[in-house]
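Descriptive analysis of the structure
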Amino acid sequence: MSRKLHIHSPAIHYFDMVRRCRSIREAARRLNIASSAVNRQILKLEDEIGMPLFERLPGGLRLTAAGEIFARHVLVVLQDAERVRSELDALQGLRSGHVEIATIEGVTIDLLPCVLERLNQRYPRITVGITSLGSQAIPESVISGQADIGLAFALPRTAELQQLGVGHFRLGAIVAADHPLATRSEVSLATCAEYPLILAKSALSIHHLMAPLLTRNRISRQASLQTSSVELAQQMARRGIGVAFQTRIGIEAEIARGELVHLPLTDNGGVFSDLGVYVRGARYLPVAVDAFVRALCEEIAEREQLERNLKAPAAENGQ
């Protein structure tokens, strides 16, 4: 069983929980201790630092500028403690630990379950927490320490976010098997626009990939449906309501069963979306997190190679 490593002042753990909960009472409930004990430790920290760490507001607590600086220090300290614990466990052959992942919805259908199955076989003592978010919310989740790993398409590169693996997947239109476009091998956005469109809202990376194409093709009419749910877009496309857009990731089974057809977009010679694995910049990874990162990168590389293999026969037939 994975054990907690208590090598730092309780005040650091209390501060981090209050930061997450924005409430001393809720932090105390989660820590299973008295609110007065938590409040006493926070006041002690503020006295040592010489300035308040939290603003006391009607809606809850909010970090002050000093609190933001201290929070970054605490995050490094706690994550380093987790690394030390996992390395000590690894020396004993335990291969235990906990990994928190912030991920886009699409990979939870098939890709992530495959990775979880692989990890469970290799390291059955590693526990995992999964949170589904829009691509735009994932960087903050990783940078703030709420997640150890971020898994998302087309994230902007920053110094605070380190990309440890990436796969390039072609964006395409997805339509029902009986849709008029379904007999094609690929399609342009202009051709898709002759039919009702199902577009992603700004929380999803697809929205930002599609925006320049929509502008360039002067497609300004309102889509028949806009949604931040990848699953809903897939369901509506399957029902023949319109043309949705995504990579093959997450619809492999539907394509194999003949329920959906994926038509790569021809605009600009092809539009690609990068599925990346991210961690906080400059972080030394605990054993459990490193094992999960490696498994994710392996799976993404295999899927990317499979997509290349699918493209190769089509190219040969065209010669």
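Look above for the structure.
Overview of the structure. (Residues numbered from 1 in each chain as written. Predicted model: local features only at pLDDT ≥ 70, side-chain atom pairs only at ≥ 80, totals over all residues. Heavy atoms only, no water.)

Next up on the list: the packing of aromatic side chains. Evaluated as defined, the whole model comprises two aromatic pairs. Ring centres of Phe15 and Phe70 lie 4.9 Å apart, and the angle between their planes is 75°; this geometry places the pair in the edge-to-face category. Highlighted residues: Phe15 in helix 1 (residues 10-21) and Phe70 in helix 4 (residues 65-91), separated in sequence by 55 residues. Overall, Phe15 belongs to the buried group, its relative accessible area being 0%. Classification of Phe70 by relative accessible area gives buried; the value is 14%. One aromatic cluster in this structure is built from Phe15, Phe54 and Phe70. (Phe/Tyr/Trp six-rings, centres within 6.5 Å; stacked < 30°, edge-to-face > 60°. Helix = DSSP H or I, 4+ residues; strand = E, 2+ residues; numbered from the N terminus. Buried < 20%, exposed > 50% of the residue type's maximum accessible area, 1.4 Å probe, protein only.)

Bringing helix 3 (residues 35-49) into the picture now. Every α-helix carries 3.6 residues per turn, so stepping three or four residues along brings you back to the same face. Between the first and last C-alpha of helix 3 there are 21 Å, a value that for 15 residues agrees with the 21 Å anticipated at 1.5 Å per step. Taken as a whole, helix 3 has its buried residues at Ala37, Val38, Gln41, Ile42, Leu45 and Glu46. Phi for Gly50, located one or two positions after helix 3, is positive at around 90°. (Expected span 1.5 Å × (residues − 1).)

Opposite charge on two side chains makes pairing possible when the charged atoms of those side chains draw close. In total, this model carries 21 salt bridges according to the counting rule given. Across the pair Glu26 and Arg29 runs a salt bridge, and its minimum N-O distance is 2.6 Å. Remark: Arg29 and Glu26 occur in helix 2 (residues 24-31); sequence separation between them is three residues, near one turn of the helix. Look at the salt bridges and you will find they share partners, linking Asp110, Arg118, Arg122, Glu252, Glu298, Glu299, Glu302 and Arg303 into a network. (Salt bridge = Lys/Arg side-chain N within 4 Å of Asp/Glu carboxyl O.)

What follows deals with helix 9 (residues 230-238). When helix 9 is considered as a whole, its buried residues turn out to be Val230, Ala233, Gln234 and Ala237. The buried residues of helix 9 all sit within an arc of 100° when viewed along its axis, so they share a single face. (Arc of directions from axis to C-beta.)

This brings us to the side chain of Arg170. Locating Arg170 in the fold gives a position in strand 6 (residues 161-170). Engagement of the side chain of Arg170 in a polar contact is seen with the backbone oxygen of Leu265, the distance being 2.8 Å. (Polar contact = N/O pair within 3.5 Å; in protein donor to acceptor, adjacent residues only side chain to side chain.)

It is worth spelling out the sheet that holds strand 4 (residues 126-132) at this point. Read from one edge of the open sheet, five strands run 4-3-5-12-6, paired in mixed fashion. Only two strands of the sheet have a single neighbouring strand rather than two, namely strand 4 and strand 6. If you compare each strand with its neighbour and ignore which way they point, the axes differ by 20° on average. Here strand 3 (residues 97-103) pairs with strand 5 (residues 149-153) via three bridges, running parallel. Within strand 5, the position partnered with Thr103 by the bridge is Leu151. Sitting on the sheet, helix 5 (residues 111-122) is in contact with strand 3, strand 4, strand 5 and strand 12 (272-280), with an inclination near 170° to strand 4. (Pairing = 2+ DSSP bridges. Axes fitted to C-alpha atoms, helices over the stretch in contact; angles between N-to-C directions. Contact = heavy atoms within 4.5 Å.)

A positive phi angle, close to 55°, is found at Arg218, a residue other than glycine. Its location among the elements puts Arg218 in the loop between helix 8 (205-216) and strand 9 (225-227). You can call Arg218 exposed: its relative accessible area is 77%. If you check the backbone angles, Ala282 has positive phi at about 65° while not being a glycine. Note on placement: Ala282 falls in the loop between strand 12 and helix 11 (287-317).

To continue, consider the environment of Arg118. Within the element layout of this structure, Arg118 appears in helix 5. You can call Arg118 buried: its relative accessible area is 16%. Sequence spacing of Arg118 and Leu296 is 178 residues, and the spatial spacing of their C-alpha atoms is 9.7 Å. Once residues within four sequence positions are removed from consideration, Arg118 is found in contact with Ala295, Glu298, Glu299 and Glu302.

With their axes 8 Å apart at the nearest point, helix 1 and helix 2 run at an angle of 120° to one another. With respect to helix 2, the element helix 1 is oriented oblique. In the crossing of helix 1 with helix 2, the sense of the turn from one axis to the other is right-handed. Every residue of helix 2 that contacts helix 1 at Tyr14, Met17, Val18 and Cys21 is listed here: Ile24, Glu26, Ala27, Arg30 and Leu31. (Parallel < 35°, antiparallel > 145°, perpendicular 65-115°, else oblique. Left-handed = near helix turned anticlockwise from the far one by under 90°.)

Attention shifts here to a nonpolar patch on the surface. There is a patch of nonpolar side chains on the surface, built from Leu116, Val128 and Ile130 and spanning about 190 Å² of accessible area. Among the secondary structure elements, Ile130 is positioned in strand 4. (Patch = residues over 30% accessible without salt bridge, like charges linked within 9 Å, V, L, I, M, F, W, Y side chains within 5 Å. Areas by Shrake-Rupley, 256 points an atom, 1.4 Å probe, with all protein chains shown as cover.)

Let us look at the environment of Arg283. Overall, the relative accessible area of 9% leaves Arg283 in the buried class. The spacing of Arg283 and Leu119 is 164 residues in sequence and 22 Å in space, taken between C-alpha atoms.

Let us look at the nonpolar core. Core analysis: the biggest nonpolar cluster contains 35 residues, and Val99, Leu111, Ile149, Leu151, Leu275, Phe292 and Leu296 have the highest contact counts within it. Listing elements by their share of this core, those giving two or more residues are strand 3, helix 5, helix 6 (138-143), strand 5, strand 6, strand 12 and helix 11. Per-element tally for this core: the top contributor is helix 11, with eight residues. Ignoring any residue separated from it by four or fewer positions in sequence, one finds Ile149 in contact with Val99, Glu100, Ile101, Ala102, Val142, Val277, Tyr278, Val279, Val289, Phe292, Val293 and Leu296. Grouped together as the second largest cluster of nonpolar side chains are 27 residues, Leu181, Cys192, Ile206 and Ala223 included. (Core = buried A, V, L, I, M, F, W, Y, C linked by side-chain atoms within 4.5 Å.)

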